[in-house]
Amino acid sequence: MSECAPYAASSAASRGRRYREPPPRNRSEFQRDRDRIIHSTAFRRLEYKTQVFVNHEGDLFRTRLTHSLEVAQIGRSVARSLRLDEDLTEAIALAHDFGHTPFGHAGQDALNRCMRAYGGFEHNLQSLRVVDVLEQRYAAFDGLNLTFETREGILKHCSRKNARMLGEIGERFLRGGQPSLEAQIANLADEIAYNNHDVDDGLRSGLLLLEELAEVRLFRRHMKAALRNFPRLTGRRLIHETVRRMIDMLVTDLVAHAGRNLRLHRPTSIADVRNAPSLVGFSSAVEKLHLDLKQFLREKLYRHYRVARMSAKARRIVSDLFGAFLTDPRLMPPEFQARATDDAPRAIADYVAGMTDRYAILEHRRLFAIESN
Ligand code: MG
């Protein structure tokens, strides 16, 4: 790897792991984090968790696994262009959705509602909880024992109330500081990835129409550019040629704008980065285009009646499961029952949040359909 910039996160100068371990031999600390994330159970679960479309709707839609790989791909190329630590960016990208419930936002809203009287449920905080506590693979500690920098990036948002209970990892939310540039990149790479793949999945599913998307400036501009080069292009190839141009423009703008911010603020260390305003973002013109598209997706895709029906079912499944386990924690598998003796609602939230879409559907059937077992 070429030399990183002085404001990059440094594996050698990491703020370390919660439990001391001998340094890795042939890889950096951040590479080790990335590798632990890939070998985790939570990572494999991403394959059967969805954001907008549920698995059984088709084999070609994004899952949280393919989404996270796209975030990692975009994140790595931005990090490399800015001479930042690619491995850290990748580690954060691959773990950023670990805390998501089954069925995307609908599931998370339902679980948050169920948990209202018991401290609530935040998916970002849950992602941290997965890597800090819930993964149980190592003899000497719970969790994956990741570096501070990876954990800081995974905890993208956090309420002040929860931040106060988290110690040093929550501090920046109380004093308004920033995480590393690598974490800032992973965050924006997430937005670029889902905006663009939701366009693609929305068209594939027939919930969005090309004519509607042609009303959105960002899409129209790049569809026209694709048609200028290939006037007879139609169908999936036209969509792909448009989407790849949109991603390219957003990434190029992000790199250029972050470069300008870095020249303006001249951070000389990660400490400077943590004290500066957020330095990774789009230029204001591109930010507008990006937000337009986001708004369009919210109205036309996320609120589409067919998505709303699926979301209503998802909320019902999650609340039914939570309710059944709260009434009788003995309905849970033994390991979660054991944890329920301390804090039953939290143990139930952990169990439900960890479910994949299909597991939640199956578990619901087992608990509520008399003919199942
Ligand atoms: Mg994401």
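The structure presented is a predicted model; accordingly, all values stated were derived computationally and were not measured.

Going through the model one piece at a time under the given rule, you end up with 5 aromatic pairs. Centre to centre, the rings of Phe336 and Tyr351 are 4.7 Å apart; their planes meet at 40 degrees, and the pair counts as tilted. One end of the pair, Phe336, is in helix 17 (residues 334-340); the other, Tyr351, is in helix 18 (residues 344-354), with 15 residues separating them in the sequence. The two residues Phe336 and Tyr351 agree in class, both being buried. An aromatic cluster of three or more residues is present, and its members are Phe325, Phe336, Tyr351 and Tyr359. Taking NZ or CZ as reference, Arg15 lies 3.9 Å from the ring centre of Phe148, over its face. Positioned above the aromatic ring of Tyr138 is the side chain of Arg36, whose terminal nitrogen or guanidinium carbon lies 4.9 Å from the ring centre.

Turning next to the layout of surface pockets. For the largest pocket, the calculated volume is near 750 Å³. If you go around the largest pocket, you meet 33 residues; those closest to its centre are Gln51, Val52, Gly104, His105 and Tyr302. The set of elements that each furnish at least two residues to the lining of the largest pocket consists of helix 3 (64-81), helix 5 (104-114), helix 6 (123-134), helix 10 (181-205), helix 15 (284-302) and helix 16 (305-327). Examining the composition of the lining of the largest pocket, we find that 6 residues originate from one element, helix 16, more than from any other. Grouping the constituent residues of the lining of the largest pocket by class yields 10 nonpolar, 12 polar and 11 charged. Two domains each donate at least three residues to the lining of the largest pocket, and these are domain 1 (29-308) and domain 2 (310-368). Taken together, 25 residues make up the lining of the second largest pocket; nearest its centre are Thr41, Arg45, Phe336, Asp350 and Gly354. When residues of the lining of the second largest pocket are traced back to their parent elements, those giving at least two are helix 2 (41-45), helix 6, helix 17 and helix 18.

Across the interface, helix 12 (residues 217-229) lies against helix 13 (residues 235-265) with an axial gap of 8 Å and an inter-helix angle of 120 degrees. When the axis of helix 12 is compared with that of helix 13, the two are oblique. Judged by the twist between their axes, the crossing of helix 12 over helix 13 is right-handed. Facing Leu218, Phe219, Arg221, His222, Met223, Ala225, Ala226, Leu227 and Asn229 of helix 12, the residues of helix 13 in contact are Leu238, Glu241, Thr242, Arg245, Met246, Met249 and Leu250. Of the residues belonging to the contact of helix 12 with helix 13, the class tally is 10 nonpolar, 3 polar and 3 charged.

Definitions and limits used
Residues numbered from 1 in each chain as written. Predicted model: local features only at pLDDT ≥ 70, side-chain atom pairs only at ≥ 80, totals over all residues. Heavy atoms only, no water. Phe/Tyr/Trp six-rings, centres within 6.5 Å; stacked < 30°, edge-to-face > 60°. Helix = DSSP H or I, 4+ residues; strand = E, 2+ residues; numbered from the N terminus. Buried < 20%, exposed > 50% of the residue type's maximum accessible area, 1.4 Å probe, protein only. Lys NZ or Arg CZ within 6 Å of the ring centre and 35° of its normal. 1 Å grid on protein atoms, 1.4 Å probe; cavity = no way out; pocket = protein on both sides within 12 Å on 5 of 7 lines; lining within 4 Å. Points joined across faces, edges and corners; volume = space filled by probe spheres on them. Nonpolar A, V, L, I, M, F, W, Y, C, P; charged D, E, K, R; others polar. Domains from an automatic or database assignment. Axes fitted to C-alpha atoms, helices over the stretch in contact; angles between N-to-C directions. Parallel < 35°, antiparallel > 145°, perpendicular 65-115°, else oblique. Left-handed = near helix turned anticlockwise from the far one by under 90°. Contact = heavy atoms within 4.5 Å.

Any functional reading would require information beyond the geometric quantities listed.
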